[in-house]
Amino acid sequence: MNVARYWRTERTRYNLVGETCRVCGEPIFPPRDLCPHCTEAGQDLRTFGGKGEVYSFSHVNDAPAGYTEYQPYTVALIKLEEGPLLTAQLTDVDESEVRIGMPVEMVTRKLKEEGENGMIVYGYKFRPVVQA
Ligand code: ZN
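Residues numbered from 1 in each chain as written. Predicted model: local features only at pLDDT ≥ 70, side-chain atom pairs only at ≥ 80, totals over all residues. Heavy atoms only, no water.

Considerations on the coordination of the zinc ion
Here comes step 1: In the first shell of the zinc ion, the protein supplies Cys21 (SG), Cys24 (SG), Cys35 (SG) and Cys38 (SG), at 2.3 Å from the metal.
Here comes step 2: Coordination at the zinc ion is tetrahedral: its four donor atoms span angles of 106 to 114° at the metal.
Here comes step 3: The sequence pattern describing where the donors of the zinc ion fall on their chain is C-x2-C-x10-C-x2-C. Of the two residues, Cys24 is situated in the loop between β1 (16–21) and β2 (27–28) and Cys35 in the loop between β2 and β3 (43–48); the sequence distance between them amounts to 11 residues.
Here comes step 4: Residue Cys35 is classed as buried on the basis of its relative accessible area of 2%. (Donors = N, O, S within 2.8 Å, 3.2 Å for Na, K, Ca; no water. Tetrahedral: all angles 85-135°; square planar, octahedral: opposite > 155°, others 65-115°. Helix = DSSP H or I, 4+ residues; strand = E, 2+ residues; numbered from the N terminus. Buried < 20%, exposed > 50% of the residue type's maximum accessible area, 1.4 Å probe, protein only.)

Section: the environment of Gly66
Here comes step 1: Looking at the secondary structure, you find Gly66 in the loop between β4 (51–60) and β5 (73–80).
Here comes step 2: In this structure, the C-alpha to C-alpha distance between Gly66 and Glu113, residues 47 residues apart in sequence, is 6.5 Å.
Here comes step 3: Setting aside chain neighbours within four positions, we find Gly66 in contact with Lys112 and Glu113. (Contact = heavy atoms within 4.5 Å.)

Structural notes on the nonpolar core
Here comes step 1: Grouped together as the largest cluster of nonpolar side chains are 14 residues, with contacts concentrated most on Leu16, Ile78, Leu80, Leu86 and Phe126.
Here comes step 2: Secondary-structure elements contributing two or more residues to this core are β5 and β6 (85–89).
Here comes step 3: Look past the residues within four positions of Leu86 in its chain and what remains in contact with it is Leu16, Phe29, Ala76, Leu77, Ile78, Leu80, Tyr124 and Phe126. (Core = buried A, V, L, I, M, F, W, Y, C linked by side-chain atoms within 4.5 Å.)

Next comes the structure, spelled out in structure tokens:
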């Protein structure tokens, strides 16, 4: 597969595309040239399931330009079920309800608007898993 072409597709914005190391078998997110676990090159693309739990978090009251319409918001370090840690904004949650270990799942949301034309950038955020 042509990796460069793969990355240009919209698909990657809506999926947690990472890699599995061919040498040590560790899951990697986001993709990188060298495995952070064994420093070898050579990974296979994979898509992570989008479920995990809050590993740590912080509330942002003073957002950078482009994100101010969402402040205050919560940014969390999320541990995916498959193992990798990633940073993402939480959504659909009251900040007082965020707990370490809280189960969360990925959703696709508007991230911000760019420039005078208001081009909307979408990407992933995480929300609490709705208990049935
Ligand atoms: Zn490795």
